[in-house]
Amino acid sequence: MSINTKNNTIKTIVVTGGAGFIGSHLCEYHINQGHKVICIDNFLTGSRKNIERWRGAENFQLIEQDICEALEIDEPIDAIYNLACAASPVHYQADPVHTMMSNVVGTRNLLLLAEQHGARFLQASTSEVYGDPEQHPQSETYWGHVNCTGPRACYDEGKRAAEALCFDFLRAGRVDARVTRIFNTYGPRMRPDDGRIISNLVTQAIEGKPLTIYGSGNQTRSFCYVSDMVCGLVAMMNMTPNRGLPINLGNPQEFTVNELAELVLMLVPTNSKVVYKPLPVDDPQRRKPDIRRAQKILNWQPQVPLGEGLLKTIAWFASVADRRVTPRKPDAIVTKAHFARSAL
Ligand code: NAD
């Protein structure tokens, strides 16, 4: 898939948060397509390792900067993906004011940059705008159930404010802004210490530590492999004309946290056992995207089943931990659903 404007192929693409997990895969995609990528990152949660392979390359430039500071780029820009924001609770709650400002001030700065360059703009929003949802699965028409004073508010409300800014710039005809709501995404280049469920369970299994489950483990999540997510983001940037609607991107196959832990224990050779701990405040009980809008408008749906993506993710975490892990051969019957593409 390549990004096309009306008349010509886009040449210069800005990826904020490009040194992060999803951002670095997005940079890689565009570099492989022959585009120039300008990565803007302050390395709050990103890693130099994620982008070091392009250091010194002609078609890659790093601007080490916080998006809360005003941004200036002297060359023409065709598209801006805004992914700059700490994404896991442990990181975005470490400095909640900065998280809120990254979303509000940072997004405004980038929208101004897009306006100045006449560039398309894509905001990486989140399923967290639905809060602890009372509607299941979550469709884009649902307005959400968010606690605006809780510890997750800096992220949830920050992202909601960022969406509002995008639609204000769009309505005013100032920027061709697009908003995607990303659901749980996983894959290589996640941080082992990000506290997210897949990083936690896989890292614990590799290290032979107990697998921590918060709450009963009956809460559900839907997990999208990162290559699917990148295709969705690119399709969103390609969408012509801009339909002016937020679009969910995620994998609608739903798993309980207990099922995920079972799968990890099945794939990683380990003696680890599961331990249960109290549920954190405002932790959503159910998460599943309604992706009918993405299917219809973007002709997009995820392709990688959880089992397949997990095997690649386990290999990544093993390499980070410098451990040799030969995943167990999955039990054909038990894991059929986890590996089936047709289950969508
Ligand atoms: P990540 O933490 O790996 O990447 C975020 C990147 O942004 C990092 O490189 C970080 O250093 C950078 N950053 C943070 N604040 C910044 C600032 N103020 N100025 C400049 N750079 C800054 O997270 P990720 O999982 O790759 O998520 C990327 C985007 O997708 C985020 O906006 C996140 O909210 C959104 N998202 C991710 C998921 C997911 O499951 N991974 C789900 C929903 C939404």
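Further up the page is the structure itself.
**Re unusual backbone geometry**
At the junction of His-136 and Pro-137, the peptide bond is cis and its omega measures out at -10° in the coordinates. The omega torsion of the bond from Thr-240 to Pro-241 falls at -5°, within 30 degrees of zero and hence cis. Examined against the element boundaries, Pro-241 turns out to sit in the loop between helix H6 (226-238) and strand S11 (247-249). Positioned with a positive phi, Asn-299 is a non-glycine residue whose angle comes to about 55°. Summarising the element assignment, Asn-299 is placed in the loop between helix H8 (292-298) and helix H9 (306-320). Overall, Asn-299 belongs to the exposed group, its relative accessible area being 70%.

**Observations concerning the pairing of strand S4 (residues 79-82)**
Of the two faces of S4, both are covered, the one formed by Ala-79 and Tyr-81 as well as the one formed by Ile-80 and Asn-82. One ladder, built from four bridges, connects strand S1 (residues 12-16) with S4; its direction is parallel. Bridge assignment links Ile-13 to a residue of S4, and that residue is Ala-79. Pairing between S4 and strand S5 (residues 120-126): four bridges, direction parallel. Note on S5: the bridge partner recorded for Ala-79 is Arg-120.

**Here's the deal with the pairing of strand S2 (residues 36-41)**
Burial runs high along S2: six of the six residues are buried. Pairing between S1 and S2: five bridges, direction parallel. Along S2, the bridge assignment pairs Val-15 with Cys-39. Each parallel crossover has a hand, and the one from S1 via helix H1 (residues 21-32) to S2 is right-handed. The sheet contact formed by S2 and strand S3 (residues 60-64) spans five bridges and is parallel. Paired with Asp-41 across the bridge in S3 is Glu-64.

**Observations concerning the nonpolar core**
Grouped together as the largest cluster of nonpolar side chains are 62 residues, with contacts concentrated most on Tyr-81, Leu-233, Val-264, Leu-298 and Leu-310. It is H6 that contributes the most residues to this core, eight residues altogether.

**Regarding the packing of helix H3 (residues 96-117) against helix H4 (residues 153-171)**
At a minimum axis separation of 8 Å, H3 and H4 run at an interaxial angle of 15°. Here H3 is positioned roughly parallel relative to H4, judged by the angle of their axes. Like other packed secondary-structure pairs, H3 and H4 cross with a definite hand, here right-handed. Each of Pro-96, Thr-99, Met-100, Asn-103, Val-104, Thr-107, Arg-108, Leu-111, Leu-112 and Glu-115 in H3 lies in contact with H4, whose residues at this interface are Ala-153, Cys-154, Tyr-155, Glu-157, Gly-158, Lys-159, Ala-161, Ala-162, Leu-165, Cys-166 and Phe-169.

**Here we look at the site of the ligand**
The environment of the ligand is formed by 30 residues, the closest being Asp-41, Thr-45, Tyr-155, Lys-159 and Arg-196. Taking Thr-45, its side chain carries an N or O atom lying 2.6 Å from an oxygen atom of the ligand. With respect to the ligand, the backbone of Cys-85 contributes an N or O atom lying 3.4 Å from an oxygen atom. Bound to the protein, the ligand loses 97% of the 820 Å² it would expose on its own. Only H1, H3, S5 and H4 provide two or more residues apiece to the shell around the ligand. Residues that form the shell around the ligand fall into these classes: 14 nonpolar, twelve polar and four charged.

**A look at H4**
Between its first and last C-alpha, H4 extends 26 Å over 19 residues, near the 27 Å set by a 1.5 Å rise per residue. A positive phi of about 70° marks Gly-173, the residue just after H4.

**Concerning the sheet that holds S1**
Here seven strands make up an open sheet; going across it, the order is S3-S2-S1-S4-S5-S6-S11 and the pairing parallel. Since the sheet does not close on itself, it has two edges, and those belong to S3 and S11, each with one partner. The average undirected angle you get between the axes of adjacent strands in this sheet is 20°.

About the thresholds
Residues numbered from 1 in each chain as written. Predicted model: local features only at pLDDT ≥ 70, side-chain atom pairs only at ≥ 80, totals over all residues. Heavy atoms only, no water. Helix = DSSP H or I, 4+ residues; strand = E, 2+ residues; numbered from the N terminus. Buried < 20%, exposed > 50% of the residue type's maximum accessible area, 1.4 Å probe, protein only. Pairing = 2+ DSSP bridges. Right-handed = clockwise from strand over helix to strand, strands pointing away. Core = buried A, V, L, I, M, F, W, Y, C linked by side-chain atoms within 4.5 Å. Axes fitted to C-alpha atoms, helices over the stretch in contact; angles between N-to-C directions. Parallel < 35°, antiparallel > 145°, perpendicular 65-115°, else oblique. Left-handed = near helix turned anticlockwise from the far one by under 90°. Contact = heavy atoms within 4.5 Å. Near = heavy atom within 4 Å. Polar contact = N/O pair within 3.5 Å; in protein donor to acceptor, adjacent residues only side chain to side chain. Areas by Shrake-Rupley, 256 points an atom, 1.4 Å probe, with all protein chains shown as cover. Nonpolar A, V, L, I, M, F, W, Y, C, P; charged D, E, K, R; others polar. Expected span 1.5 Å × (residues − 1).

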